[in-house]
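Fold and geometry: a report
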Amino acid sequence: MKINKNINTYLDKIKELPTLPTIYSTFMDVVSNPRSTAQDVADVISQDQSAASKILKISNSSIYGFYGRISSITQAVSFIGFEEVKNLIISISIMKIFKDSKQIGAFNPVNLWKHSIFTAVATRIIGKSSGERKIEEFFVAGILHQIGKLILYKIDPESYIKTIEYARYNNILCKDAEQEILGITYTVIGEMIAEKWNLPASVRNAIRYHHIGLYEGEKNKMVAAIHIAKILGLIMKINSYENELVPKPNAAVWEILELPENFFEINLEYIMQSYYESETLLLKN
Amino acid sequence: MAVRVNIEKIEDGMVLNEPVLNKHGQILLGKDIELKSKHIRILKSWNVQFVYIKKNDVSSENKTVISKELLKMAVLDLKKIIKWIPENKYEVNLINACVKFNVLKSK
């Protein structure tokens, strides 16, 4: 059952997909100006009330741990930093673009976002435990790691549902079914859209290579952390569709992360609590 | 054995399994300290997000004895979506933690 082998069809369709909302480009202009203050940045964010309120709630959540002590966007920018705020804006903006995607058949976009939020939260916690200090991009990369699935679904919902049904029926990984049926995988198309949106190279690489867990053989902790976070989410059945098969972890990833032997036993409850909290914050309007 | 506990979930009397450090590696509170409300207040003011607590001190839920039958069912359930065998200590810990969490949740 092959539906589409022509990659150009997808490339053309990607051109038609929306760009990131104005708030993102205005925000980037202000941030790249060395004279900008936290107040200037806050002014831009405050123009989008729904984004502003989400950033405020997330800053006060266990992800950043300020627990109700941040009461204004200016404070959020100063406390959690430009980079973190920028990445939250990317996440919120992209989720907004796809907020109207409806469930058809076996594929429910809300479940896909739940899996993405879980992966984002777990990626950050795994990243911290692996000793990585620069973890600002871990959350956004987790949120976007399977954006390609939504793109494939948006371009041709019927074919994508058939692909998922094929994966379930034959008990194979979603990515393998995509390659077989559509001739393209969500990781490849995800990288394409990330390029169109000018997302940082590290995030593009995470989208493209998280399924392997390695980026061109480099010891990249972000790619490795997403690889494990995603597998953890699938085992916990926080998946894009029912009975989604769990890929085997790449053994090399464990060496990159150097996690404590009992990492999951110690941290799973904490990861789940943080996930439930973030899911409520990000998915509720 | 230790368990990571969110600062909001800490209760009086829990005992630290590991010292609490600041980002410069300095010890803020030492190992084996029994936490009182004043410690919890201080930890919050230092913006500490979680601590490692001795497992016996974590509330009743984790002390629950898991029946073999429930464990077996949880493992069988996972076998529907996991077609590989855990090959190293990390993978064993990953699967065991998930099975245990799901069994405790279903109780």
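Residues numbered from 1 in each chain as written. Chains lettered and ligands numbered in written order. Predicted model: local features only at pLDDT ≥ 70, side-chain atom pairs only at ≥ 80, totals over all residues. Heavy atoms only, no water.

1. Here's the deal with the overall build of chain B
When helices and strands are tallied, chain B shows three helices and four strands. Taken from N to C terminus, the helices and strands of chain B fall in the order β-β-β-α-β-α-α. Counting only residues that meet the buried cut, chain B has 38% of its 107 residues in that class. Considering only contacts within chain B whose residues lie at least 6 apart along the sequence, 58% involve residues at least 24 apart. For chain B, the exposed surface amounts to about 6500 Å²; the carbon and sulfur share of it is 54%. (Helix = DSSP H or I, 4+ residues; strand = E, 2+ residues; numbered from the N terminus. Buried < 20%, exposed > 50% of the residue type's maximum accessible area, 1.4 Å probe, protein only. Contact = heavy atoms within 4.5 Å. Areas by Shrake-Rupley, 256 points an atom, 1.4 Å probe, with all protein chains shown as cover.)

2. A closer look at the overall build of chain A
Check the secondary structure of chain A and you find 16 helices and zero strands. Rg of the C-alpha trace for chain A: 19 Å, near the compact-globule value of 19 Å for 285 residues, within the 12% margin. Along the longest, intermediate and shortest principal axes, the C-alpha atoms of chain A span 55 × 45 × 35 Å. Taking the contacts inside chain A whose residues are at least 6 apart along the sequence as the reference set, 69% of them involve residues at least 24 apart. (Rg over C-alpha atoms; globule rule 2.2 N^0.38 Å.)

3. What about the environment of Gln49(A)?
Relative to the assigned elements, Gln49(A) resides in helix α4 (residues 49-59). Judged by its relative accessible area of 56%, Gln49(A) falls in the exposed class.

4. Re α4(A)
Residues and elements named next belong to chain A. Taken as a whole, α4 has its buried residues at Ala51, Ala52, Lys54, Ile55, Ile58 and Ser59. An end-on view of α4 places all buried positions within 165 degrees of arc, on one side of the element. Structurally, α4 contributes buried residues whose contacts are with α2 (22-32), α3 (38-46), α5 (73-80), α6 (82-97) and α16 (263-283). (Arc of directions from axis to C-beta.)

5. Some points on the packing of aromatic side chains
For the coordinates displayed, the defined rule picks out 11 aromatic pairs over all chains. Centroid distance Phe107(A) to Tyr153(A): 4.5 Å. Interplanar angle 50 degrees. Geometry classified as tilted. Of this pair, Phe107(A) sits in the loop between α6 and α7 (109-129) while Tyr153(A) sits in helix α9 (residues 147-155), placing them 46 residues apart in sequence. With respect to class, Phe107(A) is no different from Tyr153(A); both count as buried. A network of ring pairs unites the aromatic residues Trp254(A), Phe263(A), Phe264(A) and Tyr90(B) as a single cluster. Just above the ring of Tyr186(A) sits the side chain of Lys149(A); from NZ or CZ to the centre is 4.9 Å. (Phe/Tyr/Trp six-rings, centres within 6.5 Å; stacked < 30°, edge-to-face > 60°. Lys NZ or Arg CZ within 6 Å of the ring centre and 35° of its normal.)

6. What about the pattern of salt bridges?
Counted according to the given criterion, the structure contains 18 salt bridges over all chains. The partner of Lys248(A) in a salt bridge is Glu87(B), and the shortest N-O contact between them spans 3.6 Å. Of the two residues, Lys248(A) sits in the loop between α14 (221-235) and α15 (251-257) while Glu87(B) sits in the loop between α2 (68-79) and α3 (89-106), which places them in two different chains. Lys36(B) is paired through a salt bridge with Glu34(B); the nearest N and O atoms lie 3.4 Å apart. What makes Glu34(B) partly exposed here is its relative accessible area of 42%. Ionic contacts of the salt-bridge type, sharing partners, join the residues Lys237(A), Asp77(B) and Lys80(B) into one network. (Salt bridge = Lys/Arg side-chain N within 4 Å of Asp/Glu carboxyl O.)

7. Quick look at the interface of chain B and chain A
Tallying the contact residues gives 39 residues for chain B and 41 residues for chain A. Contact with chain A buries surface across chain B, with Arg4(B), Ile81(B) and Tyr90(B) losing the most and accounting together for 22% of the total. The tally of links between chain B and chain A comes to five salt bridges. A salt bridge links Glu91(B) to Lys248(A); the nearest nitrogen and oxygen atoms lie 3.0 Å apart. (Buried area = accessible area lost by both parts, 1.4 Å probe.)

8. What to know about unusual backbone geometry
With the exception of glycine, most residues fall at negative phi, and the peptide bonds are largely trans. All names here are of chain A. The backbone of asparagine 198 shows a phi angle near 55 degrees, a positive value even though the residue is not glycine. Along the chain, the position of asparagine 198 falls in the loop between α12 (186-196) and α13 (201-209). Residues other than glycine seldom take positive phi values, yet asparagine 243 does so here, at roughly 60 degrees. Tracing the backbone shows asparagine 243 in the loop between α14 and α15.

9. A short note on the confidence of the model for chain A
For any part of a model where pLDDT is low, the fine detail of the predicted coordinates should not be relied upon. Looking at chain A as a whole, its pLDDT mean stands at 90, while 97% of the residues score no less than 70. Least confident of the elements in chain A is helix α1 (residues 7-16) of chain A, whose mean pLDDT is 80; most confident is α14(A), at 97. (pLDDT = per-residue confidence, 0-100.)

10. Side note on the nonpolar core
Within the largest apolar cluster, 121 residues are counted, with the highest numbers of intra-cluster contacts made by Ile45(A), Ile94(A), Leu144(A) and Ile147(A). Tallying contributions element by element places α14(A) first for this core, with 11 residues. Aside from chain neighbours lying at most four places away, what touches Ile94(A) is Leu20(A), Trp113(A), Leu144(A), Ile147(A), Trp197(A) and Leu199(A). Residues Val5(B), Leu35(B), Leu43(B) and Val48(B) belong to the second largest nonpolar core, which totals 15 residues. (Core = buried A, V, L, I, M, F, W, Y, C linked by side-chain atoms within 4.5 Å.)

11. Let's talk about the packing of α12(A) against α13(A)
The axes of two packed helices give the description: the angle between them and the distance between them. Residue and element names in this part refer to chain A. Where α12 meets α13, the axes come as close as 7 Å, and the angle between the chain directions of the two elements is 165 degrees. In terms of orientation, α12 lies roughly antiparallel with respect to α13. The two elements α12 and α13 cross, and the hand of that crossing is right-handed. Contacts from Thr187, Val188, Gly190, Glu191, Ala194 and Glu195 of α12 reach α13 at Arg204, Ile207 and Arg208. Here the residues of the contact of α12 with α13 are counted per class, giving three nonpolar, two polar and four charged. (Axes fitted to C-alpha atoms, helices over the stretch in contact; angles between N-to-C directions. Parallel < 35°, antiparallel > 145°, perpendicular 65-115°, else oblique. Left-handed = near helix turned anticlockwise from the far one by under 90°. Nonpolar A, V, L, I, M, F, W, Y, C, P; charged D, E, K, R; others polar.)

12. A look at the packing of helix α10 (residues 157-170) of chain A against helix α11 (residues 174-181) of chain A
Residue and element names in this part refer to chain A. Interaxial distance between α10 and α11 falls to 9 Å at its minimum, and their mutual angle equals 125 degrees. The angle between α10 and α11 places the two elements in the oblique class. The way α10 lies across α11 gives a crossing that is right-handed. Touching Tyr160, Thr163, Tyr166 and Ala167 of α10 are Cys174, Ala177, Glu178, Glu180 and Ile181, all from α11. Across the contact of α10 with α11, the residue classes tally to six nonpolar, one polar and two charged.

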